[in-house]
Amino acid sequence: MRLVMKFGGTSVGDGSRMRHVAELAKRYYDERNEVIVVTSALSGVTDALLRVAKEASETGRTTAVKEFIADLTKQHHQAAHDAIDMSNTSDIVENATKEIDMRIEELEKALIGICYLGELTVRSIDYISSYGERLAVPVLCGSIKSLGVRSCSFTGGEAGIITNDDYCNAKPLEKTYSLVKERIGPLLNNSIPVVTGFIAESESGIITTLGRGGSDFSASILGASLGADEIWLWKEVDGIMTTDPHIVPEARTIPVISYIEAMELSYFGAKVLHPRAIEPAIKHGIPVRVKNTFHPELPGTIVVKDQKQIKDIVKAVTVIKNVALINISGAGMVGTIGVAARVFSTLANAGVNIIMISQGSSEANISIVVDANHLDAAVRALKDEFNNGIVKEVTRDRNISVVAVVGAGMANTPGVAGRVFGALGRAGANVIMISQGSSQHNISFAVSSDDAKEAVCALHREFGLECEK
Ligand SMILES: Nc1ncnc2c1ncn2[C@@H]1O[C@H](COP(=O)(O)OP(=O)(O)O)[C@@H](O)[C@H]1O
Ligand SMILES: N[C@@H](CC(=O)OP(=O)(O)O)C(=O)O
């Protein structure tokens, strides 16, 4: 089989985990599979890079940059020593360490530059955050080599992933698919190529990123380009589960799920998949498997085009935190044509990401859930736009979460909404806003963040998701 295997940040969290990942890749390679490895940054490194870049631009403190660089160097040197087997040769660890040092030197220069400039553009954010993955590849590639398997490393751009220049959320261009095939395809019969997840390159060779959590997307792009038999996303969980196991420990693994359900789950906040991760896989009909790096013997979840038999009405419950509610109200809105259009174009022009919308039939009120980071910009833009009395009030609430129940079995099954809201009522969770897409594959609603955990637990119980069927 031709397999693209992506390992997330927790899976490559340190040197001993990297070593385990290298052994896993070798095991499948030795079983006569063609294996391409995609790696994320060591867990926490992308967050740390973004934090230090922001601090550098705000405070200009070069000493803080130097301290960060010293820690990062130590962390990656240690990882290289722990991941790379030195019983045969010390060259591999020396080469990996040299590459790490070279990358870190470039990174330090860029961060010091940001200190002096005092500004951080989206292009610089992508450049800085790319170093998480660029520091991880020499370690993983070295680890695989030290196990006696040929390996070479690539950045996403070197592998052929070419995007538009929508920094921080770049989209692959069509030529990616043939370029990756041309560059990586010929290497598969006698080596395990290791490619950085998350990062790519624009047509003019500038580093771009595919958005946070974007390594899943990279794996899917590579899998689609190379006509993989399956794309395997290795994580710290047993698969796609009925809800986040960190919220409800009784969550169970979903053995089979359709593309559409998996996409809905990720749109509604299940951090297990990047929201765009399976688009290329869908387009090329490639199954995606989610597996646990630390329990490779478990089958995980397989995401397929169509599920033959749908026995569960609701497959999973998700929660999106970090959102906020805006309420736009005023008697003048009733019967005034074009208010909604003005609201949405104003928010679009302000770069606000809208998560949920609801308008009562009285037309005197529009409620919108937005990304919490966009709240201030959204309220400012709406107040500027409606300063003529049609809208009386624009209010905000930051203490909001969106909970969703997802499942293709909900379509045409009467009574699901009744059960959802009945369960929430019994749990004492106050529903602030409701939305159901016409696909009938999800019902989502906003609650106070204080009620979110209870709401998720109540729905998980109501639909029998915690017990084996
Ligand atoms: N429905 C779900 N099923 C599985 N994991 C979920 C779900 N919803 C949220 N999660 C979270 O997604 C995370 C995915 O695993 P992780 O190893 O962090 O992935 P990656 O490193 O690829 O980003 C888990 O830590 C888990 O808390
Ligand atoms: N390192 C990047 C990309 C990524 O996908 O990471 P992870 O696989 O750990 O979610 C991030 O943190 O966003």
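The rules behind the values
Residues numbered from 1 in each chain as written. Chains lettered and ligands numbered in written order. Predicted model: local features only at pLDDT ≥ 70, side-chain atom pairs only at ≥ 80, totals over all residues. Heavy atoms only, no water. Near = heavy atom within 4 Å. Polar contact = N/O pair within 3.5 Å; in protein donor to acceptor, adjacent residues only side chain to side chain. Areas by Shrake-Rupley, 256 points an atom, 1.4 Å probe, with all protein chains shown as cover. Nonpolar A, V, L, I, M, F, W, Y, C, P; charged D, E, K, R; others polar. Pairing = 2+ DSSP bridges. Helix = DSSP H or I, 4+ residues; strand = E, 2+ residues; numbered from the N terminus. Axes fitted to C-alpha atoms, helices over the stretch in contact; angles between N-to-C directions. Phe/Tyr/Trp six-rings, centres within 6.5 Å; stacked < 30°, edge-to-face > 60°. Lys NZ or Arg CZ within 6 Å of the ring centre and 35° of its normal. Contact = heavy atoms within 4.5 Å. Salt bridge = Lys/Arg side-chain N within 4 Å of Asp/Glu carboxyl O. Buried < 20%, exposed > 50% of the residue type's maximum accessible area, 1.4 Å probe, protein only. Left-handed = near helix turned anticlockwise from the far one by under 90°. UniProt positions renumbered as here; feature names shortened; annotations may be inferred. Core = buried A, V, L, I, M, F, W, Y, C linked by side-chain atoms within 4.5 Å. Parallel < 35°, antiparallel > 145°, perpendicular 65-115°, else oblique.

Colleague: So what exactly am I meant to see when it comes to the site of ligand 2 here?
Modeller: Around ligand 2, a shell composed of K6, G8, G9, S40, T46, E133, F198, R212, G213, G214 and S215 is seen. R212 is positioned with one of its side-chain polar atoms (N or O) 2.7 Å from an oxygen atom of ligand 2. Residue G213 places a main-chain N or O atom 2.8 Å away from an oxygen atom belonging to ligand 2. Surface burial for ligand 2 is 79%, taken as the share of its 340 Å² of free accessible area covered by protein chains. Among the residues forming the shell around ligand 2, the class breakdown is one nonpolar, seven polar and three charged.

Colleague: For this particular structure, what's the right way to read the sheet that holds strand β1 (residues 2–7)?
Modeller: Strands belonging to one sheet form pairs held by backbone hydrogen bonds; the direction of such a pair is parallel or antiparallel. Here we have eight strands laid out as an open sheet, ordered β3-β5-β2-β1-β8-β10-β11-β9, and mixed in their pairing. Of all strands in the sheet, those bounded by a partner on one side alone are β3 (151–154) and β9 (256–258). Across the sheet, the mean angle separating the axes of adjacent strands is 20° when strand polarity is ignored. Note that β1 and strand β8 (residues 230–235) share five bridges and pair parallel. Across the sheet, residue L3 finds its bridge partner in β8, namely E230.

Colleague: What is the right way to read the packing of aromatic side chains from this model?
Modeller: What characterises a pair of aromatic rings is the spacing of the ring centres plus the angle enclosed by the ring planes. A complete count under the given rule lists six aromatic pairs for this structure. A ring pair is formed by Y127 and Y131, whose centres lie 5.3 Å apart and whose planes are at 85°; its orientation type is edge-to-face. Each member of the aromatic cluster is reached from another via a ring pair, and the members are F7, Y28, W232 and W234. Seen from the ring of Y177, K283 lies directly overhead, with NZ or CZ sitting 6.0 Å from the centre. The lysine or arginine in question, K291, covers the ring of W232, its NZ or CZ lying 5.6 Å from the ring centre.

Colleague: Would you take a moment to explain the site of ligand 1 for this structure?
Modeller: Looking at ligand 1, there are 17 residues lining it, with K6, E236, M241, D244 and H246 nearest. Contact between ligand 1 and K235: an oxygen atom at 2.9 Å from a side-chain N or O atom of the residue. Taken together, the residues of the shell around ligand 1 sort by class into six nonpolar, six polar and five charged.

Colleague: Looking at this model, I keep getting lost on the pairing of strand β15 (residues 393–406). Mind explaining?
Modeller: Consecutive side chains of a regular strand alternate in pointing toward one face of the sheet and then the other. Strand direction decides the pairing type here: strand β12 (residues 316–329) and β15, joined by 11 bridges, are antiparallel. By the bridge assignment for β15, V319 is matched with V403.

Colleague: Would you take a moment to explain the sheet that holds strand β13 (residues 354–359) for this structure?
Modeller: In space, the six strands of this open sheet follow the order β13-β14-β12-β15-β17-β16, with antiparallel pairing throughout. Edge positions in the sheet fall to β13 and β16 (431–436), since each has one partner strand and no second. For this sheet, the mean inter-axis angle between neighbouring strands, taken without regard to orientation, is 30°. Sheet analysis places β12 next to strand β14 (residues 365–371), joined by seven bridges and oriented antiparallel. The residue of β14 that forms the bridge with L325 is V369. Taken strand by strand, helix α12 (residues 339–349) contacts β12, β13 and β14, and its axis lies near 15° from that of β14.

Colleague: Please explain the pattern of salt bridges as it appears in this structure.
Modeller: As a working rule, side chains carrying opposite charge can pair if their charged atoms are close by. Taken as a whole and assessed by the stated rule, the structure comprises 24 salt bridges. Note that K66 and E108 form a salt bridge whose closest N and O atoms lie 3.2 Å from each other. Of this pair, K66 sits in helix α3 (residues 62–83) while E108 sits in helix α4 (residues 91–117), and the two are 42 residues apart along the sequence. A salt bridge links R419 to E462, with the shortest nitrogen-to-oxygen separation between them at 2.9 Å. In this pair, R419 is assigned in helix α14 (residues 416–426) and E462 in helix α15 (residues 449–462), connecting sequence segments 43 residues apart. Judged by its relative accessible area of 34%, R419 is partly exposed. On the basis of relative accessible area, E462 is assigned to the partly exposed category, the value being 23%. Each of K6, D216 and K235 takes part in a single network of salt bridges with overlapping partners.

Colleague: Can you help me understand the packing of helix α2 (residues 45–59) against α4 in this one?
Modeller: A packed helix pair is summarised by two numbers, namely the angle formed by the two axes and the spacing between the axes. As a packed pair, α2 and α4 sit with axes 7 Å apart at the nearest point and diverge in direction by 35°. Where α2 crosses over α4, the handedness of that crossing is right-handed. Packed against α2, whose contacting residues are L49, V52, A53, A56 and S57, the element α4 presents L107, L111, I114 and C115 at the interface. Looking at the contact of α2 with α4, its residues break down into eight nonpolar, one polar and no charged.

Colleague: Just checking my understanding: could you explain the UniProt feature "domain: ACT" (unreviewed entry) in the protein chain for this structure?
Modeller: Residues annotated by UniProt as "domain: ACT" (unreviewed entry) correspond here to residues 328–399 and 405–469. With 31% helix and 31% strand, residues 328–399 has end C-alpha atoms that lie 17 Å from one another.

Colleague: Is there a simple way to explain the nonpolar core in this structure?
Modeller: Proteins that are soluble and globular tend to have nonpolar side chains buried together. Counting residues in hydrophobic clusters, the biggest one holds 55 residues, and the most contacted among them are F68, L107 and L111. For this core, the element with the most residues is α4, which contributes 11 residues. Leave out the neighbours within four places in its chain, and L111 touches V52, A53, A56, V65, F68, I69 and I128.

Colleague: Would you explain the environment of G205 in this entry?
Modeller: In this structure, G205 sits in the loop between β6 (199–202) and β7 (207–209). The spatial distance from the C-alpha of G205 to the C-alpha of V290 is 32 Å, given a sequence separation of 85 residues.

Colleague: How should the side chain of K315 be read in this particular structure?
Modeller: Structurally, K315 is set in the loop between β11 (301–304) and β12. Overall, the relative accessible area of 3% leaves K315 in the buried class. Within polar-contact distance, the side chain of K315 engages the side chain of E261 at 2.8 Å.

Colleague: How should I be thinking about the packing of helix α5 (residues 122–129) against helix α6 (residues 131–146) in this particular structure?
Modeller: Direction vectors running N to C along α5 and α6 enclose 20°, while the axes themselves pass 5 Å from each other. Accordingly, the angle class assigned to the pair α5 and α6 is roughly parallel. Two secondary-structure elements touch here, α5 through Y127, I128 and S129 and α6 through Y131, G132, E133 and R134. Residue classes in the contact of α5 with α6 are distributed as three nonpolar, two polar and two charged.

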